[in-house]
Amino acid sequence: MSQNPGPLPITVDASTPTAAVAADAVVAFVGSRDDAADLGRGPAAALDTTTGGLLTRLAAAGELRGKPGECLPLLAPPGLKAAQLLLVGVGTTTQADAGGLYRAAATATRHLAGRPRTLVALAADPAWSPRQTEQAVAGAAVGMHGQDLYKSERRRTPFPVVWLGAAADAVERGGLLGAGVNLARRLVNTPPDDLYPASFAAEAATAAADVGLGCEIWDEARLIREGCRAILAVGRGSSRPPRLVLLTYRGPGVPEGPPQLALVGKGVTFDSGGLSLKPPDGMLTMKCDMAGAAAALAAAVTIARLQLPIRFMAAVGLAENMTGPAAYKLGDVIRARSGTTIEVHNTDAEGRIVLADVLDVVRGLSPAAIVDAATLTGACMVALGTEVAGLFTNDQPWCDRVAAAARAVGEPVWQLPMYPDVYDDLIKGEVADIKNVGDGRWGGAITAAKFLERFVGGIPWTHVDIAGPAFAEKPRAWTDGGGSGSMVRAFVELARGLT
Ligand code: BES
Ligand code: MN
Ligand code: ZN
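Residues numbered from 1 in each chain as written. Chains lettered and ligands numbered in written order. Predicted model: local features only at pLDDT ≥ 70, side-chain atom pairs only at ≥ 80, totals over all residues. Heavy atoms only, no water.

Q: Whenever I open this one, the coordination of the manganese ion (ligand 2) confuses me. Can you help?
A: Each pair of donors in an ideal octahedron of six around a metal sits at 90 or 180 degrees, and each pair in an ideal tetrahedron of four sits at 109.5 degrees. Within the protein, Asp271 (OD), Asp348 (O), Asp348 (OD) and Glu350 (OE) serve as the donor atoms for the manganese ion (ligand 2), at 2.1 to 2.2 Å. Around the manganese ion (ligand 2), the six donor atoms sit at angles spanning 72 to 170°, and that spread fits a shape best called irregular. Here the zinc ion (ligand 3) and the manganese ion (ligand 2) are spaced 3.1 Å from one another, each receiving a donor from Asp271. In this pair, Asp271 sits in strand S10 (residues 261–271) while Glu350 sits in the loop between strand S13 (341–343) and helix H11 (351–363), placing the two residues 79 residues apart along the sequence. Accessibility expressed as a relative area gives 2% for Asp271, which makes it buried. (Donors = N, O, S within 2.8 Å, 3.2 Å for Na, K, Ca; no water. Tetrahedral: all angles 85-135°; square planar, octahedral: opposite > 155°, others 65-115°. Helix = DSSP H or I, 4+ residues; strand = E, 2+ residues; numbered from the N terminus. Buried < 20%, exposed > 50% of the residue type's maximum accessible area, 1.4 Å probe, protein only.)

Structure (structure tokens):
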């Protein structure tokens, strides 16, 4: 298993001016207005003064525009104690919201992590809201980690960070959020031969013990006793048996009772497609098929570290979808834990089968509301592209809250319809209650959601299809390719809204 380097220190310095801080590099954020750099009244303007108008001249020369993604490294600028100044664009005030600052700070640290540094200072703008500060701090923690977990010579070297002029409590929360995102990213980026159902469960147990989450792991024997035949069917083609992990949390001083929120995650640690085998191109990145489970676990860990005053649970279904001699077959009928019978038309539509049992277990624990995250369908990527997650719901007000939380932290989401008259018939089975693919190929993301809906028993529920955003095939300014930690920040934001 790859080693977790553990989060490096993030400190706060409220008094030292940006120009006077002793660090390898200082990062300053620069906005834009009317298509030109706007130095504002914060740290960028102050730096401009101490450097004798350096930023103004760069802006006049068109070298500094303050656009998102812009990253301008300057060596030994006059009047600065640090060896290097990095100017990072944040765009207009609209663009420089919490999500924009997450990406801008990640852009900065991703650039700087290209070589070893002893200490990097980032200048917070005193005008930022606590949410903006938190997300900037989280982004900085995320940007310095790459997907080079197994490279003999790492491409990125993380470094300690000091935030200048930021509120200590917001910086602390931001650091916890960043660590949560990095946990999900590391799990997604870990190769499937190292991260399989039992080893994911072991990671969950370790993390849970660390932060004081309750943790129950259902092994094969327990899954049989519990009637989780759907999870077991998907896992049968693998030499690595499935697991189900339940995490529980009750905040300080919160009375006992049913969870206010249950997060559910699809944890297919590798999706070969099973006997409906995927072509090699489509299989290459299928270690990412546990990203929903990683998001649920990482959000749970972060919620516990933040000590949010809520009752909360998370449940993840872990299985490897393989083609071994006992593999489940096309035409098989599975009696799910809920009693609903499922006709298997395509073993590559395995995620919904795994989630059928997990949702039923969660339903039995009577949470007030459910959100699941799953890399469920390629069809969702056809509909929304690679950056936007799909939302599906049986309860519009609940979906609106999930969408608002995601957008507040810069995670784009878009809702797709669930019209019963239009879609319900499309998953009716011939020999069993339902089948695991829709009639015909159209609306594949929706028919998958319709399948899940059958297992939530009327509890307010929103399904988040993260097949697009969970895994980046190509690097962007703010991130290396690979696992993105999609929905970790959104889920923590959602949980905070319950308090
Ligand atoms: N894990 C895949 C969906 C996926 C595709 C996630 C690409 C991330 C990137 C899922 O299990 C799957 O194979 N879905 C099938 C469903 C189909 C057989 C009805 C799909 O989308 O093709
Ligand atoms: Mn599949
Ligand atoms: Zn899958």
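What follows continues from the structure just given.
Q: Please explain the coordination of the zinc ion (ligand 3) as it appears in this structure.
A: With distances of 2.0 to 2.4 Å, the protein atoms coordinating the zinc ion (ligand 3) are Lys266 (NZ), Asp271 (OD), Asp289 (OD) and Glu350 (OE). Classification of the site at the zinc ion (ligand 3) as octahedral follows from its six donor atoms and the range of 78 to 175° in their angles at the metal. In primary-sequence terms, the residues that donate to the zinc ion (ligand 3) follow K-x4-D-x17-D-x60-E. Taking the relative accessible area as the measure of exposure, Lys266 reaches 2% and is therefore buried. For Asp289, a relative accessible area of 2% corresponds to the buried category.

Q: Is there a simple way to explain helix H1 (residues 43–50) in this structure?
A: Helical geometry: 3.6 residues make up each α-helical turn, so side chains three or four residues apart lie on a common side. Along H1, the residues that are buried comprise Pro43, Ala44, Leu47 and Asp48. When H1 is viewed along its axis, its buried side chains cluster within an angular range of 140° and face the same direction. Among the structural elements, strand S2 (25–33), helix H2 (54–60), strand S5 (84–91) and strand S6 (120–123) are those in contact with the buried residues of H1. One or two steps after H1, the chain reaches Gly52, where phi turns positive at roughly 65°. (Arc of directions from axis to C-beta. Contact = heavy atoms within 4.5 Å.)

Q: Could you clarify how one ought to interpret the site of ligand 1 in this entry?
A: The environment of ligand 1 is made up of 16 residues, and the closest members are Lys278, Asp289, Asp348, Glu350 and Gly378. Within the backbone of Leu376, one N or O atom sits 3.5 Å away from a nitrogen atom of ligand 1. Within the complex, 78% of the 520 Å² of free accessible area of ligand 1 lies under protein. Counting only elements with at least two residues in the shell around ligand 1, the list comes to S10 and helix H12 (378–384). Here the shell around ligand 1 is composed, by residue class, of five nonpolar, four polar and seven charged. (Near = heavy atom within 4 Å. Polar contact = N/O pair within 3.5 Å; in protein donor to acceptor, adjacent residues only side chain to side chain. Areas by Shrake-Rupley, 256 points an atom, 1.4 Å probe, with all protein chains shown as cover. Nonpolar A, V, L, I, M, F, W, Y, C, P; charged D, E, K, R; others polar.)

Q: How do you make sense of the domain arrangement of the protein chain when you look at a structure like this?
A: How big an interface is tends to be stated in terms of accessible area lost as the parts join. According to the domain assignment, the protein chain contains domain 1 (10–177) and domain 2 (190–497). Measuring from the centre of the C-alpha atoms in domain 1 to the corresponding centre in domain 2 gives 35 Å. Counting each side, the surface lost to burial between domain 1 and domain 2 is near 1900 Å², with a carbon and sulfur contribution of 52%. Counting the contacts that link domain 1 with domain 2 gives four salt bridges. Between Arg156 and Asp480 there is a salt bridge, with the nearest N and O atoms lying 3.0 Å from each other. (Domains from an automatic or database assignment. Buried area = accessible area lost by both parts, 1.4 Å probe. Salt bridge = Lys/Arg side-chain N within 4 Å of Asp/Glu carboxyl O.)

Q: I keep staring at the packing of aromatic side chains and nothing clicks. Help me out?
A: The description of two aromatic rings rests on the distance between their centres and on the angle between their planes. For the coordinates displayed, the defined rule picks out four aromatic pairs. Through pairs of rings, three or more aromatic residues link up here, namely Phe29, Trp128 and Trp163. Here Arg240 stacks its cationic end above the ring of Tyr196, 4.0 Å away from the centre of that ring. (Phe/Tyr/Trp six-rings, centres within 6.5 Å; stacked < 30°, edge-to-face > 60°. Lys NZ or Arg CZ within 6 Å of the ring centre and 35° of its normal.)

Q: Quick question: what am I supposed to make of the pairing of S10 here?
A: Working note: regular strand, side chains alternate between the two faces of the sheet. Summarising burial for S10: 11 of the 11 residues are buried, a large majority. Two strands pair when backbone bridges link them, and S10 and strand S11 (residues 311–321) are joined in this way by 10 bridges, in the parallel orientation. Its bridge partner being in S11, Asp271 is matched across the sheet by Asn321. (Pairing = 2+ DSSP bridges.)

Q: Any chance you could explain the environment of Leu426 here in plain terms?
A: Positionally, Leu426 belongs in the loop between helix H14 (420–423) and strand S17 (434–435). You can call Leu426 partly exposed: its relative accessible area is 22%.

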